[in-house]
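# Structural overview
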Amino acid sequence: MLQRVSRRSFIRGASAGAVGATVLPGAAGARPPARRRTPRLPDPAAVRATDPALLSALEAASLLHAGQLHPAELLDACLKRSADYGGGTNAWIRSYPEPAYEQAEAAAARLAEGDAPLLCGLPIAVKDLFAVGGLPLTASSQILERNIAAGDSTIWRRLRDSGAVLIGHTHTDEFAIMTATPQVGNPWKLDESVGGSSGGSAAVLAARFAPLALGTDTGGSARLPASRCGVSAIKPTFGRCSRYGVIPVMWSRDHPAPMGRSLADATLLFDAIAGSDLHDPVTQLAPAFPAGGLPTTAADGAKPLSGKVFGIPMAAEALPAGLGALFTGFLELIVELGGELRDVRLPAEPGGLFDGNAVELGMYHRQWADQVTRLSPFSAAVVEMGLAALSIPSTQYLQFSRDRAVYQRAYNRVFAENGLTAIVLPGAATDGMPRVAASAASILGADKVPVTWANFSGAPVISLPAGRSAATGMPFGVQLGGVPWDELELLEIGLALEAVAPHWQEAPPLARSPLRLPELSFVAPGHGPDPTNTDAGAPALSFVPTADATSV
């Protein structure tokens, strides 16, 4: 077994260098698995690394379930790597070492008993929007600097019950409003933007500070940072994962988003958090996943995409040369694996949809309308627009709901009329972006690549890395979208592409940058009643996705 690092090493500082040089199980002489392995996990004998923090989530789960790695040892490695290299990225806003070790020891006991959930013992980073009762929840804003969650979000409760280990909360763009997360440095180049608003979660994954992370996606907020950091994200169908206990941006567009270094890792997390929740009625309409859970490996066969048709709404020529080459290469890979490409056009997004967004944002932020000056200038400008939108007639908001239904079915018709399996879009429109310019670009729309189509339609999207630009060396990702509730199709496609082009395995060359964070633990929960300890209750009027393609 690996030698434990001090449990307080994340707070006290860490010794020079990476975590030990001990070879993990899989090397010559490693003992065989202690119990039956789950077929969805890799063979522990094939896993090799010199630092547990560098293990993928699936690799780590394999060793944990085989009894060859202790959850506390994996946590040690993640905390030590964060302590050694986390200062430059500033991805963590808070960490919880002591509770994390208690969770790790509890996970070890479950693993020893056998038949533990696949996620048991895996460390996870959580975006600072997800409530964990008795821990701070601030949305990276000074407005909530003393806020303590009143209870658990449904998603964290599911993760906790699965034996996951919470390392800490990650930075978000303030209240997840923008697509910049300017306080976080990109692990590939610290003065470059990570995108947003789930920038902290993407940076933690890229830097190998945690194997799994939770983000959200309201308008590309998980897909954009995944592309810029070279990691993977899943924006599920609206209603597939509960929003209860998550600080909202816009109730009808918010999507909890599992993130991982690879799509397979993100799928492992997705499988654990999806499901029906009485607190979020839309989730009760979601069709069940296949028996046995979601796949985490590619199907066999030389042409796994044979018979599948991919719509291309955006040409490679519309991108900077470095990104255009990567996007073209990704499309060529689809064809090589048997897929067919067709040019298509997505329906135009009605202008009224954005008015409805502003109303929803203003409804949430009116509870601190007298504190707008405490927001960053960019966040304040958006919140003020939202507050002003509260004066529009109620009939205009109802028209927004009708326009949303029309748009969703128009999106579905693109698939029906063109015989599509999926659509393919780039995950970024610029080849890198300086952090100093990211917030301004975000509010002006210069950082925008088509992303809102998925939030307005409620359709599922996966994002996976497609390589690094020859011009800048920065990562670039691609989006693959489907029709509502058809995540399984997208995951099978993505896993096939990932198997032959595992760009996620590339890691940034981090320079040592020590990080110290205050040691935090559980305190008395907030008064509630909402788990976020804010006025976050969703309205009864809700968007419900459909695969229907008829006109309305």
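Structure: see above.
Definitions and cut-offs
Along each chain, numbering runs from 1 in the same order as the chain's sequence is written. For a predicted model such as this one, the threshold for reporting local features is a pLDDT of at least 70, and the threshold for listing and counting side-chain atom pairs is 80 or more; totals across whole chains, interfaces and linings nevertheless cover every residue. Based on all heavy atoms of the structure, the side-chain values leave hydrogens and waters out of the count. Any two strands are treated as partners once DSSP identifies two or more bridges connecting them. Each helix corresponds to a stretch of at least 4 residues labelled H or I by DSSP, and each strand to a stretch of at least 2 residues labelled E; elements are numbered beginning at the N terminus. For helices, the fitted line uses only the C-alpha atoms of the stretch in contact; every axis is such a line through C-alpha atoms, and the angle between N-to-C directions lies from 0 to 180 degrees. Our angle categories are set so that under 35 degrees counts as roughly parallel, over 145 as roughly antiparallel, 65 to 115 as roughly perpendicular, and the remainder as oblique. The criterion used for residue contact is that any of the two residues' heavy atoms lie within 4.5 Å. Think of it as three bins: nonpolar holds Ala, Val, Leu, Ile, Met, Phe, Trp, Tyr, Cys and Pro, charged holds Asp, Glu, Lys and Arg, and polar takes everything else, Gly as well. Between rings of Phe, Tyr and Trp, where Trp is taken as its six-membered ring, a pair exists when centres lie within 6.5 Å; planes separated by under 30 degrees are stacked, by over 60 edge-to-face, and by other angles tilted. Throughout this description, buried means an accessible area under 20% of the type-specific maximum (1.4 Å probe, protein chains only), exposed means over 50%, and partly exposed covers the range between. Lysine NZ or arginine CZ positioned within 6 Å of the ring centre and within 35 degrees of the ring normal marks a charge as sitting over the ring. Salt bridges are defined by distance alone: a side-chain nitrogen of Lys or Arg within 4 Å of a carboxyl oxygen of Asp or Glu.

With that out of the way, let us pick up the sheet that holds strand β11 (residues 475–481). One open sheet accounts for 11 strands, arranged β1-β3-β2-β4-β6-β5-β10-β11-β9-β7-β8; its pairing is mixed. With one partner strand each, in any of the chains shown, β1 (92–95) and β8 (340–343) form the two edges of the open sheet. Adjacent strand axes in the sheet meet at a mean angle of 30 degrees when their direction is disregarded. When strand β4 (residues 212–216) meets strand β6 (residues 256–260), the two strands line up antiparallel, connected through 5 bridges. Within β6, the position partnered with Leu212 by the bridge is Gly260.

Turning to the packing of helix α3 (residues 71–89) against helix α4 (residues 97–113), a few remarks are in order. Two elements in contact, α3 and α4, have axes whose closest approach is 8 Å; the angle formed by their N-to-C orientations is 150 degrees. The pairing of α3 with α4 is recorded here as roughly antiparallel in orientation. Across from Pro71, Ala72, Leu75, Asp76 and Leu79 in α3, the residues of α4 making contact are Pro97, Ala100, Tyr101, Ala104, Glu105, Ala107, Ala108 and Leu111. Residue composition of the contact of α3 with α4, grouped by class: 11 nonpolar, no polar and 2 charged.

Any aromatic ring pair is given by two values, namely how distant the centres are and how the planes are angled relative to each other. The final tally for this structure, using the stated rule, is 10 aromatic pairs. Where Phe270 meets Phe289, the ring centres are 5.3 Å apart and the plane angle is 75 degrees; that geometry is what we call edge-to-face. Of this pair, Phe270 sits in helix α8 (residues 263–273) while Phe289 sits in the loop between α8 and β7 (309–312), and the two are 19 residues apart along the sequence. What makes Phe270 buried here is its relative accessible area of 0%. A ring pair is formed by Tyr411 and Phe415, whose centres lie 5.2 Å apart and whose planes are at 55 degrees; its orientation type is tilted. A residue pair is termed a helical-turn pair when its members lie 3 or 4 positions apart in one helix, as Tyr411 and Phe415 do in helix α12 (residues 394–418) at 4 residues. Of the two residues, Tyr411 and Phe415, both sit in the buried class. Chaining the aromatic ring pairs together yields one cluster made of Phe175, Tyr364 and Trp368. In this arrangement the basic side chain of Arg223 is found over the ring face of Trp453, its NZ or CZ atom lying 5.9 Å from the centre.

Attention shifts here to the pattern of salt bridges. Tallied over the entire structure, the rule returns 15 salt bridges. One salt bridge in this structure joins Asp128 and Arg94, with 2.6 Å as the shortest N-O distance. Residue Asp128 is found in the loop between β2 (123–127) and α5 (154–161), and its partner Arg94 is found in strand β1; the two are separated by 34 residues along the sequence. Arg94 carries the same exposure label as Asp128, and that label is buried. Where Asp217 meets Arg223, a salt bridge forms, and the shortest distance between an N and an O atom there is 2.8 Å. Using a relative accessible area of 1% as the deciding quantity, one classes Arg223 as buried. A single network of salt bridges, built from pairs that share partners, joins Lys80, Asp84 and Arg512.

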